[in-house]
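Working through the structure, step by step
What follows is each chain in one-letter form.
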Amino acid sequence: QVLDARIDVETTARAAPFEILVELTDGTQFFREVLTKSVQGGGHRLNLDSALGQNITTAQVARISLLRLTRHASDAVTIEYEGDLARAQIPTTTH
């Protein structure tokens, strides 16, 4: 059940705090920080940094994605072209 700022979802072994993206079936997106998590029933109860601002049902949730804070490791980006295909090399650093 998804109500207020509480979401039941299976998570990785990642320790809180971490960031998530909650995307609804209508395209609405919520970016939140998970402050704490606890095991309840078959999943985890996540305590978010702020309320979603509306009550939603699990049927309205398209996906919940775990996010990782990263930044560019340098000012250089390498783009290689092979015909219509382009590949970018973007070095990043995680926090």
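Just so you know, these numbers come straight off a predicted model, no measurement behind them.

Thresholds, definitions, all that
The residue count restarts for each chain, going from 1 along the sequence in the order it is written. Two thresholds apply to this predicted model, a pLDDT of at least 70 for residue-level local features and 80 or more for giving and counting side-chain atom pairs, whereas whole-chain, interface and lining totals are computed over all residues. The basis for the side-chain values is all heavy atoms of the structure; hydrogens and waters are excluded. By the criteria applied, helices consist of DSSP H or I runs no shorter than four residues and strands consist of E runs no shorter than two, each listed in order from the N terminus. Under the scheme applied here, a residue whose accessible area is under 20% of the maximum for its type counts as buried, over 50% as exposed, and between as partly exposed, the area being computed with a 1.4 Å probe on protein chains only. Accessible surface area values rest on a Shrake-Rupley calculation with a 1.4 Å probe, where residue burial reflects the displayed protein chains alone. Paired strands are those between which DSSP finds at least two bridges. Nonpolar core, defined: a set of buried Ala, Val, Leu, Ile, Met, Phe, Trp, Tyr and Cys residues in which side-chain atoms within 4.5 Å join the residues together. Confidence scores here are pLDDT values: one per residue, from the predictor, ranging 0 to 100. Residues count as neighbours in contact if any of their non-hydrogen atoms are within 4.5 Å of one another. Here, a salt bridge means any side-chain nitrogen of Lys or Arg that lies within 4 Å of a carboxyl oxygen of Asp or Glu. Positive residues here are Lys and Arg, negative ones are Asp and Glu, while His and the chain termini are left out of the count. In the analysis that follows, any N or O atom pair within 3.5 Å is treated as a polar contact, provided that within protein one partner can donate a hydrogen and the other can accept it, and provided that, for residues neighboring in sequence, both atoms belong to side chains.

Below, the discussion takes up the overall build of the protein chain. Helices and strands together make up the secondary structure of the protein chain, namely zero helices and 10 strands. Reading the helices (α) and strands (β) of the protein chain from amino to carboxyl end gives β-β-β-β-β-β-β-β-β-β. Counting only residues that meet the buried cut, the protein chain has 22% of its 95 residues in that class. Here the protein chain displays about 6500 Å² of accessible surface, and carbon together with sulfur accounts for 48% of that area.

Now for the pairing of strand E5 (residues 43–48). By the bridge criterion, six bridges tie strand E4 (residues 29–40) to E5 in an arrangement that is antiparallel. Pairing of Lys37 across the sheet is with Leu46, part of E5. Between the antiparallel neighbours E4 and E5 lie two residues, among them Gly41 with a positive phi of about 60°.

Here the focus is the nonpolar core. Formed by Phe18, Ile20, Val22, Leu24, Phe30, Val34, Leu46, Leu48, Leu52, Ile56 and Val61, the largest nonpolar core amounts to 11 residues. Secondary structure elements with two or more residues in this core: strand E3 (18–24), E4 and E5. Top element by residues in this core is E3. It accounts for four residues.

All right, on to the confidence of the model for the protein chain then. On average, the protein chain scores 80 in pLDDT, and the residues at 70 or more come to 83%. Note that pLDDT drops below 50 for residues 3–8; the model gives that stretch 26 contacts with residues more than four away or on any other chain.

Sheet topology note: the strand E8 (residues 78–82)/strand E9 (residues 85–89) ladder contains five bridges and is antiparallel. For Thr78, the partnering residue across the bridge sits in E9 and is Gln89. From the end of E8 to the start of E9, which pair antiparallel, there are two residues, and Gly83 there has a positive phi angle of about 65°.

Applying the stated criterion to the full structure yields two salt bridges. Note that Glu23 and Arg63 form a salt bridge whose closest N and O atoms lie 3.6 Å from each other. One end of the pair, Glu23, is in strand E3; the other, Arg63, is in strand E6 (residues 61–67), and 40 residues separate them in sequence. On the basis of relative accessibility, which here comes to 45%, the residue Arg63 falls in the partly exposed class. The partner of Glu82 in a salt bridge is Arg87, and the shortest N-O contact between them spans 3.6 Å. Take Glu82: its relative accessible area is 47%, and that puts it in the partly exposed class.

Looking at the element boundaries, Arg32 is found in strand E4. No salt bridge is formed by the buried Arg32; the nearest opposite charge belongs to Asp49, separated by 4.5 Å. Here the side chain of Arg32 touches Ala51 through a polar contact of 2.9 Å, landing on its backbone oxygen. In contact with Arg32, not counting residues within four places along its chain, are Phe18, Glu19, Ile20, Leu48, Asp49, Ser50, Ala51 and Leu52.

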